[in-house]
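Close look at the chain arrangement
Now for the letters of each chain:
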Amino acid sequence: MPERIGRQRKPIRLLSSYLHMVATWKLLRRKYLVVSGIILSYGLYNICIVPINSILFPAVMNLELQVSSEIYGAVEGIITCGMLFGGMIVAWKPKWFRFSGIYLWNYPMPVMLAVMGFVLLLLPGKGYGIAAMAAGGMTIMFCLGVGNIVTLTYTQSTVPVEMLGSVSALSTAVATGTVPVGQVLFGQLMGSGLKSGVILLLCAVVALFVSLYVRMNVNRRNTCDTKSETGCAQTGN
């Protein structure tokens, strides 16, 4: 019987992978400016928003409020349901979540961060803090879930098929690489002696600026669409 000759796999080289991602980023900035802005917004939210649920909330509930395991688990479950509800509502009413207005769903995040900060600073008692963090955390997860679905759909419908793998790899690298940055930053903030409420108020200000950046990115696409049929995704203007 003839011998089967298998395909020789090429080794993955870190440097070439990095250079390929850099080239993909440059191409996005030149031809698909809005998509590059979407990827950048993923990183910004992973730095200033995501660590709130993963680091600040557990520390506040376990160390400051000293809640029981049952209450902590219930609050975490409520927070997680936010992303689930987001996916369900997008599937049910997709017209509510058009890309041209997706930035509007980012504004509840800085609002709820400010509410949680004021509650922790001004209202004594566990009940207020627990309720605020449950409602705020669920709102944050809802908004992030909606944003991820809509922006991912826009990216997949805008970028050519042959580029989707490279763009997806770049997006994942940016999102994953910024997570530890946010975690280290929040660790430093919490170790600096600032009250949790103050940290949340600072996060609300930063989240507002990120939301305004998202609005600018979306409006850039909307403006270009009114000037040409191809829009920003193709012209890069």
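Each value, and the rule that gives it
Residues numbered from 1 in each chain as written. Predicted model: local features only at pLDDT ≥ 70, side-chain atom pairs only at ≥ 80, totals over all residues. Heavy atoms only, no water. Helix = DSSP H or I, 4+ residues; strand = E, 2+ residues; numbered from the N terminus. Buried < 20%, exposed > 50% of the residue type's maximum accessible area, 1.4 Å probe, protein only. Contact = heavy atoms within 4.5 Å. Areas by Shrake-Rupley, 256 points an atom, 1.4 Å probe, with all protein chains shown as cover. Disulfide = S-S within 2.5 Å. pLDDT = per-residue confidence, 0-100. Core = buried A, V, L, I, M, F, W, Y, C linked by side-chain atoms within 4.5 Å. Polar contact = N/O pair within 3.5 Å; in protein donor to acceptor, adjacent residues only side chain to side chain. Phe/Tyr/Trp six-rings, centres within 6.5 Å; stacked < 30°, edge-to-face > 60°. Lys NZ or Arg CZ within 6 Å of the ring centre and 35° of its normal.

1. Looking at the overall build of the chain
Of the regular secondary structure elements, the chain holds 9 helices and 0 strands. Here the chain holds 237 residues, and 39% of them are scored as buried. Summarising the internal contacts of the chain: among those between residues at least 6 apart in sequence, 81% fall at separations of at least 24. For the chain, the exposed area adds up to about 13600 Å²; of that, 66% sits on carbon and sulfur atoms.

2. A look at the state of the cysteines
Scanning the model with the defined rule gives 0 disulfides in all. Of the cysteine sulfurs around Cys203, a residue in no disulfide, the closest is that of Cys48, at 7.0 Å.

3. Points about the confidence of the model for the chain
Counting all residues, the mean pLDDT for the chain is 86, and 88% of those residues have values of 70 or more. The least confident element of the chain is helix 9 (residues 232-235), whose mean pLDDT is 46; the most confident is helix 5 (residues 108-122), at 94. Counted against residues more than four places away or in other chains, residues 225-231, with its pLDDT under 50, gives 6 contacts.

4. Here's the deal with the nonpolar core
Grouped burial of nonpolar side chains is what soluble globular proteins tend to show. One finds Leu28, Val35, Tyr45, Ile49, Phe99, Leu113 and Met116 to be the most contacted residues of the largest nonpolar core, which totals 53 residues. Mapped onto this core, the elements with two or more residues apiece are helix 2 (33-48), helix 3 (50-64), helix 4 (69-92), helix 5, helix 6 (126-158), helix 7 (164-191) and helix 8 (196-227). Looking at which element gives the most residues to this core, the answer is helix 6, with 12 residues. Once residues lying within four places of it in the same chain are set aside, the contact partners of Tyr45 are Val50, Asn106, Met109, Leu144, Val210, Ser211 and Val214.

5. So, the environment of Met109
Mapped onto the fold, Met109 is located in helix 5. With a relative accessible area of 1%, Met109 lands in the buried category. Not counting chain neighbours up to four residues away, the residues in contact with Met109 comprise Tyr45, Ile49, Ile140, Cys143 and Leu144.

6. Section: the side chain of Thr158
Within the secondary structure layout, Thr158 lies in helix 6. A distance of 2.7 Å separates a polar atom in the side chain of Thr158 from the backbone oxygen of Tyr154.

7. Concerning the packing of aromatic side chains
Scanning the entire structure with this criterion turns up 5 aromatic pairs. Between Trp92 and Trp96, the ring centres sit 6.1 Å apart and the planes meet at 65°, which makes this aromatic pair edge-to-face. Aromatic ring contacts, followed pair by pair, group Phe97, Trp105 and Phe142 into a single cluster. It is Lys93 that lies over the ring of Trp92; its NZ or CZ is 5.2 Å from the centre.

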